[in-house]
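Fold and geometry: a report
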Amino acid sequence: MRTLSYALLTALAASALAVPATAAARPADVTASQCVAGGGMIVISAVGDGSSSYSKRCVGGVHDGETVL
């Protein structure tokens, strides 16, 4: 039973160390589906006078702060 616990802890530690490497490889822009699948939500904001320009950002989740296409 202890061998299983040590193996589990080793696997968790290895995955925790691998997270920064995958975060650096993220794309600059994500699709709406990727944002929602990553646990985020899409926030749409008016740009300028709000007549026709909008900014869409993914807030929360894996793609936090990324532009949504």
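Right above here is the structure, for reference.
Because the structure is a prediction, the values reported are computed rather than measured.

**Things to note about the pairing of strand S2 (residues 41–46)**
Little of S2 is tucked away, with zero of its six residues classed as buried. Inspection of the sheet shows S2 paired to strand S3 (residues 54–59) by six bridges, in the antiparallel sense. Among the inter-strand pairings, Ile-44 is bridged to a residue of S3, identified as Lys-56.

**Looking at the environment of Glu-66**
Examined against the element boundaries, Glu-66 turns out to sit in the loop between S3 and strand S4 (67–68). With relative accessibility at 14%, the residue Glu-66 sits in the buried group. Along the primary structure Glu-66 and Thr-31 are separated by 35 residues, whereas in three dimensions their C-alpha atoms are 9.6 Å apart.

**Some details on a nonpolar patch on the surface**
Nonpolar side chains collect at one region of the surface, where Val-36, Ile-42, Ile-44 and Tyr-54 lie side by side and expose about 400 Å² of accessible area between them. Topologically, Ile-44 is positioned in strand S2. Overall, Ile-44 belongs to the exposed group, its relative accessible area being 55%.

What counts as what
Residues numbered from 1 in each chain as written. Predicted model: local features only at pLDDT ≥ 70, side-chain atom pairs only at ≥ 80, totals over all residues. Heavy atoms only, no water. Buried < 20%, exposed > 50% of the residue type's maximum accessible area, 1.4 Å probe, protein only. Helix = DSSP H or I, 4+ residues; strand = E, 2+ residues; numbered from the N terminus. Pairing = 2+ DSSP bridges. Patch = residues over 30% accessible without salt bridge, like charges linked within 9 Å, V, L, I, M, F, W, Y side chains within 5 Å. Areas by Shrake-Rupley, 256 points an atom, 1.4 Å probe, with all protein chains shown as cover. Salt bridge = Lys/Arg side-chain N within 4 Å of Asp/Glu carboxyl O.

What is shown is where atoms sit, not what they do.
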